[in-house]
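These are the residues of each chain, in order.
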Amino acid sequence: RHQQSCYDKVKPRAYIFAHNSLHFWPQEDLITRDCVPILFDSHDAKIGKVLLCSFYWDCTLKDIPIDLINVAERANKDGHVLVICSDTNAHSSLLNCDRTTTRGKKLEDFLLKYDLGVSNRGNRKTFIGGQGSSIIDVTMASSRFLDQIKDWHVSDENMESDHKMINFEIETRYRYIGCILSV
């Protein structure tokens, strides 16, 4: 449903594909090449609205990108649940990586600052490419919402990408299936 106008000059690196039955509102003022946030109503009084964001953290950037900080700040300010699906290019023991890098520590600090938890389960690699394999694709969610993310798994489906598709369900009064494909 999102208009292509913001992608006219550069190829996007973050995407959200949503079924047309999901009533959502693109957060136009926060959308960039690497950041696509949408707001949807969970139809659950305890949860309210969910800010769902697909995000690419470019490997050449050392710090948490301001685009991601802006999304987290918006969720906090408006009291929305936050779910972020991201290619972080970070290694952290929180993700079942063998080591935590400086970038991984920055990701951990971001999670703490915004009271986010990690939905990743298991130790299946989410990236398999020429540089090796690792767990760099992360699903983060507001701590109060982590129990609503069900059936998180790395798909076996061939996506013609060096990143694996992540599947999960968000459980509210209705069930939605969310996916991220990092290209």
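Model, not experiment: these values are computed from the prediction. Throughout this description, residue numbers start from 1 for each chain and increase along the sequence as written. With pLDDT at 70 or above as the cut-off, local features in this predicted model cover only qualifying residues; side-chain atom pairs require 80 or more to be listed or tallied, and sums for whole chains, interfaces and linings still use all residues. Only heavy atoms go into the side-chain values, all of them from the structure, while hydrogens and water stay out.

Some points on the overall build of the protein chain
Each helix is a run of DSSP H or I of at least 4 residues and each strand a run of E of at least 2, with the numbering of both proceeding from the N terminus. Along the protein chain, the regular secondary structure elements total 2 helices and 11 strands. Put simply, the protein chain runs from its N terminus to its C terminus through helices and strands in the order β-β-β-α-β-α-β-β-β-β-β-β-β. Scored against the burial criterion, the 183 residues of the protein chain give a buried share of 48%. Across the protein chain, contacts joining residues at least 24 apart in sequence account for 52% of those joining residues at least 6 apart. Accessible area of the protein chain: about 9800 Å², with a carbon and sulfur share of 48%. Between buried and exposed lies partly exposed: a residue is buried under 20% and exposed over 50% of the maximum accessible area for its type, with that area taken using a 1.4 Å probe on protein chains only. Note on definitions: a residue-residue contact is assigned when non-hydrogen atoms from the two residues lie within 4.5 Å. Here, Shrake-Rupley sampling with a 1.4 Å probe gives the accessible areas, and only protein chains in the shown set may cover a residue.

So, the confidence of the model for the protein chain
The pLDDT value tells you how sure the predictor is about a given residue, anywhere from 0 up to 100. For the protein chain, the mean per-residue pLDDT works out to 86, and 90% of the residues sit at or above 70. When pLDDT is averaged over each helix and strand of the protein chain, the minimum, 53, is found for strand S11 (residues 175-180) and the maximum, 98, for helix H1 (residues 66-78). Low pLDDT (under 50) marks residues 1-7, which in the prediction has 12 contacts with non-local residues, meaning those over four places away or in another chain.

Describing the side chain of Ser155
Mapped onto the elements of the fold, Ser155 is located in the loop between strand S9 (149-154) and strand S10 (166-171). In protein, a polar contact requires one atom able to donate a hydrogen and another able to accept it; more generally it is a pair of N or O atoms within 3.5 Å, and residues adjacent in sequence count only if both atoms are side-chain atoms. Here Glu157 takes part through its backbone nitrogen, which lies 2.9 Å from a polar atom of the side chain of Ser155. In this view, Ser155 contacts Arg124, Lys164, Met165 and Asn167; residues no more than four positions away in its chain are not counted.

As for unusual backbone geometry
One non-glycine residue with positive phi stands out, namely Asn89, at about 55°. Along the chain, Asn89 falls in the loop between strand S4 (81-87) and helix H2 (102-113). The phi dihedral of Asp115 falls on the positive side, at around 55°, and the residue is not glycine.

Things to note about the environment of Asp34
If you trace the backbone, Asp34 turns up in the loop between strand S1 (24-26) and strand S2 (35-41). Judged by relative accessible area, which is 12%, Asp34 ranks as buried. It is 7.9 Å that separates the C-alpha atoms of Asp34 and Ser54, two residues lying 20 residues apart in sequence. Contact partners of Asp34, with chain neighbours within four places excluded, come to Arg13, Ala14, Ser54, Phe55 and Tyr56.

Digging into the pairing of S4
Most of S4 is tucked away: 7 of the 7 residues are buried. Being paired, for any two strands, means DSSP has found at least two bridges between them. In terms of strand pairing, strand S3 (residues 49-56) meets S4 through 7 bridges, oriented parallel. Bridged to Leu51 within S4 is Leu82. Crossover S3 to S4 through H1 is right-handed. Bridge count between S4 and strand S8 (residues 137-142): 5 bridges; the pairing is antiparallel. When the sheet's bridge partners are listed, Val83 is paired in S8 with Ala141. Throughout, right-handed denotes a crossover for which the path from the first strand over the helix to the second runs clockwise when the strands point away from the viewer.

Looking at the sheet that holds strand S5 (residues 116-118)
Read across the open sheet, the 6 strands follow the order S1-S2-S3-S4-S8-S5; overall the sheet is mixed. Every other strand in the sheet has two partners, leaving S1 and S5 as the edge strands with one partner each. Each strand of the sheet is rotated relative to its neighbour by a mean of 20°, with strand direction disregarded. Here H1 sits on the sheet and contacts S2, S3 and S4; the angle it forms with S3, its principal contact strand, is near 175°. In the packing of H2 onto the sheet, the strands contacted are S4, S5 and S8, and the crossing angle to S8 comes to about 20°. Orientation is described by axes fitted as lines to C-alpha atoms, over the contacting stretch for helices, and by angles from 0 to 180 degrees between their N-to-C directions.

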